[in-house]
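Below are the chains, spelled out letter by letter.
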Amino acid sequence: MTLAHDAAAASFAALTHKLDYLDEADIRRVRDAYRFADEAHLGQFRASGEPYITHPIAVAGLCADWKLDAQAIMAALMHDAMEDCGVTKIELIERFGAPTAEIVDGLTKLDKLHFSTKEESQAESFRKMLLAMARDVRVILIKLADRLHNMRTMAAMVAHKRARIARETLDIYVPIAHRLGLNQTYRELQELSFQYINPWRYAVLAKAVKRTRGNRRDLVERIRKEVEVAFGEADMQVEVYGREKTIFSIYNKMIEKGLSFAQVSDIFGFRIVARELLDCYRALGVLHQLYKPLPGRFKDYIAIPKPNGYQSLHTTLINPVGTAVEFQIRSQAMHTVAEKGIAAHWMYKEHEDAGEASPQQGAVWLQSLIDIQHETRDSAEFLEHLKIDLFPESVYVLTPKSRIVALPKGATPVDFAYAIHSRVGDHCASAKVNGAPVALRTELRSGDVVEIVTAQGARPNPAWLNFVRTGRARSKIRHYLKNMEAEESLALGEKLLTQALRAEGLSLPPGNEDSEGDTGVLWQTLIRWGGNRSRDELLVDIGLGRKIAQMVAKRLAQMRAESGERPDAVTLTLGRFEADVPHQAAVVIDGNEGATVRLAPCCCPVPGDRIAGYLGRGEGMVVHTHECGVGRRLFERDRERWIDVSWSDEPARMFETVIKVLVTNGKGVLAQVAAAVSSAETDITHIEMGDERLGETAELKLRLEVRDTDHLSEVIRTLKRCAVVLNAQRVVPH
């Protein structure tokens, strides 16, 4: 026990040497936290046999490398105390203050998450992690330090457990570290994960890299000396570092491009760290004078930073033996951000007022995910947005005012519109790229100038979900459509319940569950009976067909009868009158219905058809014609789900329907049919042809837009007068 205690004390002594950026009072608080954690973990040991307290000390040391504040260091020391030692949050608040206790609590909730391959479980875990990060980004920084130390010390674990933890790290923690700009942590976690997931491949490649390193040592040293001499002659003070590709990135390049190890040319490169921003561009000139640049291999991430805040100049030069070598050029500040990412906020505090550090791109990304969290309540949907945003390959496009917008590869004008503002996306009508009109599904390229044309009446189209690439656009579109559907369903449900209550001689009770007196109690009782949370939710369920209006009305009538209320004779008469008069239907179709009321695609009703509405379970209302075979079968199965609907006297648009046309085969037949349809003042939206095109006759199916049944009859008469048409009739499903 004494040896174990001495080892822990030595580890903490090593930690205190890293805390020289804290003042004496903060160091005393950290020491108190260490004593508390040491006592809490007394008698606990890691799989390696070391005292457990050495792990929290190591995690705190990694956080100290990032110059995190005293609260974070204290939380790192105690991050397992609540989970493993029965320490309560109240106890931590009393001893160390609420901020430190909140961080420890957030970390404890993360530790309780067990990531699995099941998508729903993984999605819910992501949501919880996001909420912890939203409260305090230090939570995820400490969690990443915790995971890094666990990965470094996993050798004592059994192989299958190592592989599972490594896969979880690669799938979840590596992309988050990258998105937050923690490149040093990202690369090490990636490398360690690969080592445990594919130990044989890792060993083979590590051996090959070591051999190559020995073979190229002279060349690397020669390039370094030549570069240092060139900068000396230019009177520039820079630091020159050799850098080697990680084994994981070499392996990925071999897989993606189908290369052997010998064909991977850029295994090593160089990094130039200059003093100021302008020195980076001067350094680029020095290098281009020393070695010839490879055309098309220059990237300026200083002028246009990567989404995680990374800034550098990248250029590929031809070295003295004729092979390519990459140079990265950055200032000292850029170098810190490149390696530490969002953690650089704390490292630069001494240069800024307390709490005034400039926001990192990682924090901007984090905020965008919080926005998605507010709009997305479905776990699988949230995971879909995260997967899109965690692995970005960016394109850079410009607004007409030359503002640069970074979007993922494959992004469209709709993604661009939502990146500008959600209102621009919601009212996007069309787009121009480089001054020319384009389809909204067009993929954008770096350098494109994009202009969005908005219209007050425009609104998101469900078809956009098939091609948008950003999580923000996808969540905003879905959020808008769900809200619109809920509003329409609420209005429809209210209409249907009002009509059903009239048949019972009752009117819809005013107010809602929050109303005072008998009305509020009535709604509360009805809501509980329906298993809903509010009046609006009950009405939405009726509008979507999840509940039948007549059944809810009968239950409400029973409740009111129990309280002594009798049906009103006038209302009862009105209800019977409406049931007998078709034009008094609850729902009137004019063509402006939204997602809640749809015209059945099987029979394609048009004004003039006799119609009825079917309330599908959770699908809203689908309107069928009386002659539709599909509708008749549904009626036989679910009679109580059918309600009367009628056409408006003034429909707001044209309606699609389908006709089949039998024609004689010959040259120009399609053109003659199209001309006949056009002369009847209608448009063809879709054509289908049968397989008998080579015979004497052929059958065409035309999807047309017509005003009503009279207009449709006129179109059919016009087609029958055409010389090549043998017959034309409307398609009616049997």
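I will try to describe carefully the structure that is included in this document.

### Some remarks on the pairing of strand E2 (residues 268-274)
Burial runs high along E2: seven of the seven residues are buried. Side chains Phe268, Phe270, Ile272 and Ala274 project from E2 onto one buried face, and the interleaved Gly269, Arg271 and Val273 project onto a second face that is buried too. As defined by bridge partners, strand E1 (residues 239-244) adjoins E2 across six bridges and the pair is classed as antiparallel. Residue pairing in the sheet places Gly242 in a bridge with Phe270 of E2. Here E2 pairs with strand E5 (residues 324-331) via six bridges, running parallel.

### Let's talk about the sheet that holds strand E17 (residues 683-689)
One open sheet holds the four strands; their spatial order is E17-E18-E16-E19, and the pairing between them is antiparallel. In this open sheet, the two strands that pair with only one neighbour each are E17 and strand E19 (725-730). Going across the sheet, the axis of each strand differs from the next one's by a mean of 25 degrees, ignoring polarity. Pairing of E17 with strand E18 (residues 697-706), which is carried by six bridges, proceeds in the antiparallel orientation. Bridge pairing links His686 to Arg703 in E18. Here helix H27 (residues 669-679) sits on the sheet in contact with strand E16 (655-664), E17, E18 and E19, set at roughly 30 degrees to E18. Most of the contacts of helix H28 (residues 709-720) go to E19, to which it runs at about 165 degrees, and overall it touches E16, E18 and E19.

### Looking at the pattern of salt bridges
Tallied over the full model, the rule gives 18 salt bridges. Of the charged contacts in the structure, one is a salt bridge between Glu494 and Arg535, with a shortest N-O distance of 3.6 Å. Of this pair, Glu494 sits in helix H21 (residues 471-503) while Arg535 sits in helix H23 (residues 535-543), and the two are 41 residues apart along the sequence. Via salt bridges that share partners, Glu494, Arg535 and Asp536 belong to a single interconnected network.

### A closer look at unusual backbone geometry
The phi dihedral of Lys67 is positive, around 60 degrees, even though this residue is not glycine. Along the chain, Lys67 turns up in the loop between helix H3 (54-65) and helix H4 (70-77). A positive phi angle is found at Asp235, which is not glycine, with a value near 55 degrees. Looking at the element boundaries, Asp235 is found in the loop between helix H12 (199-233) and E1.

### Looking at the pairing of strand E14 (residues 620-625)
Most of E14 sits out of view: six of its six residues are buried. Sheet topology note: the strand E12 (residues 597-599)/E14 ladder contains three bridges and is parallel. Residue pairing for E14: Arg598 is matched across the bridge by Val622. Note that strand E13 (residues 611-616) and E14 share six bridges and pair antiparallel. If you follow Gly616 over to E14, its bridge partner there is Gly620.

### Re the nonpolar core
Counting residues in hydrophobic clusters, the biggest one holds 73 residues, and the most contacted among them are Val30, Leu77, Met78, Leu92 and Ile142. Residues contacting Leu92, with those up to four places away along its chain left out, are Phe36, Met78, Met82, Val87, Gly97, Ala101 and Val104. Among the nonpolar cores identified, the runner-up in size contains 53 residues, and Ala500, Leu506, Ile659 and Ile716 belong to it.

### Examining the sheet that holds strand E3 (residues 293-300)
Within a sheet, neighbouring strands are paired by backbone hydrogen bonds and run either parallel or antiparallel to one another. Ordered in space as E1-E2-E5-E4-E3, the five strands form an open sheet in which the pairing is mixed. With one partner strand each, in any of the chains shown, E1 and E3 form the two edges of the open sheet. Averaged over all adjacent pairs, the angle separating strand axes in this sheet is 25 degrees, with direction ignored. Here E3 pairs with strand E4 (residues 313-318) via four bridges, running antiparallel. The residue of E4 that forms the bridge with Asp300 is Leu313.

### Some remarks on the packing of aromatic side chains
All told, the structure shown has 10 aromatic pairs when counted by the stated rule. Summarising the aromatic geometry, the rings of Phe270 and Phe327 are spaced 5.3 Å apart at their centres and angled 20 degrees between planes, so their arrangement reads as stacked. Pair noted here: Phe270 is in strand E2 and Phe327 is in strand E5, with a separation of 57 residues, a long-range link. Phe327 carries the same exposure label as Phe270, and that label is buried. When the ring of Tyr614 is compared with that of Trp642, the centres are 5.3 Å apart and the planes differ by 45 degrees; the resulting orientation is tilted. Residue Tyr614 is found in strand E13, and its partner Trp642 is found in strand E15 (residues 642-647); the two are separated by 28 residues along the sequence. Given a relative accessible area of 13%, Trp642 falls into the buried group.

### Description of a nonpolar patch on the surface
There is a patch of nonpolar side chains on the surface, built from Leu277, Leu278 and Tyr281 and spanning about 290 Å² of accessible area. Mapped onto the elements, Tyr281 comes out in helix H14 (residues 277-290).

### A closer look at helix H9 (residues 137-152)
Over its 16 residues, H9 runs 23 Å from end to end, which matches the ideal 22 Å to within 8%, given 1.5 Å per residue. Most of H9 sits inside the fold, with 14 of its 16 residues counted as buried.

Calculation rules
Residues numbered from 1 in each chain as written. Predicted model: local features only at pLDDT ≥ 70, side-chain atom pairs only at ≥ 80, totals over all residues. Heavy atoms only, no water. Buried < 20%, exposed > 50% of the residue type's maximum accessible area, 1.4 Å probe, protein only. Helix = DSSP H or I, 4+ residues; strand = E, 2+ residues; numbered from the N terminus. Pairing = 2+ DSSP bridges. Axes fitted to C-alpha atoms, helices over the stretch in contact; angles between N-to-C directions. Contact = heavy atoms within 4.5 Å. Salt bridge = Lys/Arg side-chain N within 4 Å of Asp/Glu carboxyl O. Core = buried A, V, L, I, M, F, W, Y, C linked by side-chain atoms within 4.5 Å. Phe/Tyr/Trp six-rings, centres within 6.5 Å; stacked < 30°, edge-to-face > 60°. Patch = residues over 30% accessible without salt bridge, like charges linked within 9 Å, V, L, I, M, F, W, Y side chains within 5 Å. Areas by Shrake-Rupley, 256 points an atom, 1.4 Å probe, with all protein chains shown as cover. Expected span 1.5 Å × (residues − 1).

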